[in-house]
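# Chains, contacts and geometry: an overview
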Amino acid sequence: MKKLEEDIYQDRSYSRCIKSAYSLFCDNFAIIFKKTWVPALALSCGVATAMEMAMTDAGDTLGGAIKTLVFILPVLLVGLVSVCLFYGFLISLLNGETRRHNVMRFIRQTLFMIGIGIVATAIIAGVGYWGFHIAVSNKIPTPQSAGIAIIAGFVMAVLLALFLLPTAYSTVKYLIEGKMKVLNILGCPYRKGMRYWGFLFIVMFITAIIASIVVLLANMPMLIVSIANSMNSEGMQMGDPSGLPSYFIFLVFMTSAATSMFSAYLNVWVFFVLYYGYGSIEVRLKQKEQLVKVVK
């Protein structure tokens, strides 16, 4: 399969990484959409179904909550599979490998990162509990002690996020290159990414700000729908009749599906930024190796 970008390995600044990612996305959007629209549609429909379930009264009773949970689990599974297919198909456009090859690697990477997330969550919970225990000591628990626990957990979460920042490089390296083992995401490539922690931080920080603003604007229709549903629910609890039209659930589904589809392709641009960041770091590492050889 022909690659979208043949000249990825260049020493680019963080601003050039962001600009190049935008150009790559815009110039090849038709190809990207053609290759990925099926999993993107499945993902958006799954998210829309989950949102629709969340805005109904199915969870008001224990039986309704169980039915909702039983229905949501398959939806979440479909969503996870759709994400793996979506990025597997996308990465095939970048490294030229088969879809099956990239989907399987993305699944392994996803499971590995889920494992890291579970460990990180356990650490954060442990630190929060430790902070709560220290604050309470032999005294009666107070809101202040709960606040200390929350702050301790938050600080730990920030530290872990900063510690795992180099995985933005090692993960992309694993997905793009075919020979790297999944465990090496926290191995040698991670240590190399740590050398360029500042570069990765600036790239991801600016990208996150831009993406957050765009997502906020794009999700305004969904926010309006959610507010309308909440106000209607409060009115019904006070005895007022429902003021929502009969097509409201359909409106929720379509609005959520549209915003989810938009977010999926916004994340393609975010991935492209990391992709160019990976290429820049690779070039800098090779330049350093060549400089060391010349000095010797």
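Anyway, here's the lowdown on the structure attached to this text. (Residues numbered from 1 in each chain as written. Predicted model: local features only at pLDDT ≥ 70, side-chain atom pairs only at ≥ 80, totals over all residues. Heavy atoms only, no water.)

### Let's talk about the overall build of the protein chain
Under the convention used in this document: Per the convention used, a helix needs a DSSP run of H or I reaching at least four residues, while a strand needs a run of E reaching at least two, with both numbered from the N terminus. Exposure is judged per residue with a 1.4 Å probe applied to protein chains only, and the accessible area is read against the type maximum: over 50% gives exposed, under 20% gives buried, and values in between give partly exposed. The Shrake-Rupley method, run with a 1.4 Å probe sphere, supplies the accessible areas, and residue values consider only the shown protein chains as cover.
The secondary structure content of the protein chain amounts to 10 helices and 0 strands. Counting from the amino terminus, helix and strand elements in the protein chain follow one another as α-α-α-α-α-α-α-α-α-α. The buried share of the protein chain, reckoned over its 296 residues, is 39%. With the model as given, the accessible surface of the protein chain reaches about 17,200 Å², and the carbon-plus-sulfur share is 71%.

### Looking at the nonpolar core
Filter applied, for reference: Grouping buried Ala, Val, Leu, Ile, Met, Phe, Trp, Tyr and Cys residues that are joined through side-chain atoms within 4.5 Å yields what is termed a nonpolar core.
Ranked by size, the top nonpolar core spans 48 residues in total, and within it I32, Y265, V268, F271 and F272 carry the most contacts. Breaking this core down by element, the ones donating at least two residues are α1 (14-27), α2 (29-54), α3 (62-95), α4 (99-136), α6 (167-176), α8 (197-218) and α10 (248-295). A per-element tally of this core places α10 first, with 15 residues. Residues M222, V225, F248 and V252 belong to the second largest nonpolar core, which totals 5 residues.

### Brief notes about the pattern of salt bridges
Rules: Within this document, salt bridges are pairs made up of a side-chain nitrogen of Lys or Arg and a carboxyl oxygen of Asp or Glu, the two lying within 4 Å of each other.
Taken as a whole and judged by the stated rule, the model has 3 salt bridges. Taking the shortest distance from any N to any O, the salt bridge between D11 and R284 comes out at 2.8 Å. On the criterion of sequence distance, the pair formed by D11 in the segment before α1 and R284 in helix α10 is long-range, its members being 273 residues apart. Accessibility expressed as a relative area gives 37% for D11, which makes it partly exposed. Its salt-bridge partner being E282, residue K173 comes within 3.3 Å of it at the nearest N-O pair. In this pair, K173 is assigned in helix α6 and E282 in helix α10, connecting sequence segments 109 residues apart.

### As for the packing of aromatic side chains
To keep it simple, the criterion reads: Pairing of aromatic side chains here covers Phe, Tyr and the six-membered ring of Trp, requires ring centres within 6.5 Å, and sorts the geometry by plane angle: under 30 degrees stacked, over 60 edge-to-face, intermediate tilted. Charge-over-ring contacts are defined here by two conditions on Lys NZ or Arg CZ: a distance within 6 Å of the ring centre and an angle within 35 degrees of the ring normal.
For the structure on display, the rule yields 14 aromatic pairs. Between the aromatic rings of W197 and F201, the centroid separation amounts to 5.2 Å while the plane-to-plane angle is 5°, which identifies the pairing as stacked. Of the two residues, W197 and F201 both sit in helix α8, 4 residues apart, roughly one turn of that helix. Taking the relative accessible area as the measure of exposure, F201 reaches 33% and is therefore partly exposed. Among the aromatic residues, those joined into a cluster by ring pairs are F25, F29, F33, F86, Y87, F106, Y265 and F271. If you follow R105 out to its NZ or CZ, it ends over the ring of Y174, 3.9 Å from the centre. A cation over a ring is seen here: K286 above Y9, with NZ or CZ 5.6 Å from the ring centre.

### Describing α6
The periodicity of an α-helix, 3.6 residues per turn, causes residues three or four positions apart to be oriented the same way. Burial analysis of α6 places 10 of its 10 residues in the buried class, the great majority of the element. Among all positions in α6, only T167, A168, Y169, S170, T171, V172, K173, Y174, L175 and I176 are buried.

### Things to note about the environment of A211
The condition is simple: By definition, residues are in contact when any of their heavy atoms lie within 4.5 Å.
Position of A211 relative to the elements: it lies in helix α8. Along the primary structure A211 and S263 are separated by 52 residues, whereas in three dimensions their C-alpha atoms are 9.2 Å apart. Every residue in contact with A211, bar those within four places of it in the chain, is listed here: L266, W269 and V270.

### Notes on helix α9 (residues 220-237)
We apply this condition: By this rule the span expected of a helix is its residue count minus one, scaled by 1.5 Å. Think of it as the arc spanned by the lines of direction from the helix axis to the C-beta atoms.
Taking 1.5 Å of rise per residue, 18 residues should cover 26 Å, and α9 covers 26 Å from first to last C-alpha, within 8% of that figure. Inspection of α9 places M222, V225, N229, N232 and G235 among the buried residues, and these make up the whole buried set. Each buried residue of α9 lies within a common arc of 150° when the element is viewed along its axis, so the set occupies one face. For α9, exposure combined with an orientation more than 90 degrees from the buried face picks out I224, M231, E234 and Q237.

### Points about the environment of S280
Following the sequence through the fold, S280 ends up in helix α10. Given the relative accessible area of 0%, S280 is considered buried. C-alpha separation for the pair S280 and Y9, spaced 271 residues apart in sequence, amounts to 6.0 Å. The contact partners of S280, leaving out residues within four places of it in the chain, are Q10, D11, R12, C17 and F199.

### Overview of the packing of α6 against helix α7 (residues 188-195)
Operational definition: Angles here are taken between N-to-C directions and fall from 0 to 180 degrees, while the axes themselves are lines fitted to C-alpha atoms, restricted in helices to the stretch in contact. Angle categories: roughly parallel below 35 degrees, roughly antiparallel above 145, roughly perpendicular from 65 to 115, and oblique for all the rest. Crossing handedness is read from the near helix: turned anticlockwise from the far helix by less than a right angle, it gives a left-handed crossing, and turned clockwise, a right-handed one. Each residue is assigned to one of three groups, with Ala, Val, Leu, Ile, Met, Phe, Trp, Tyr, Cys and Pro labelled nonpolar, Asp, Glu, Lys and Arg labelled charged, and all others, Gly among them, labelled polar.
In contact at an axis separation of 8 Å, α6 and α7 are set at 135° when each is read in the N-to-C sense. The angle between α6 and α7 falls in the class oblique. Regarding α6 and α7, the two cross each other, and that crossing is right-handed. Two secondary-structure elements touch here, α6 through T167, Y169, S170 and K173 and α7 through P189, Y190, K192 and G193. Of the residues contributing to the contact of α6 with α7, the split by class is 3 nonpolar, 3 polar and 2 charged.

### With respect to the environment of A228
With respect to the helices and strands, the residue A228 is situated in helix α9. Sequence separation between A228 and F248 is 20 residues; the distance between their C-alpha atoms is 10.0 Å.

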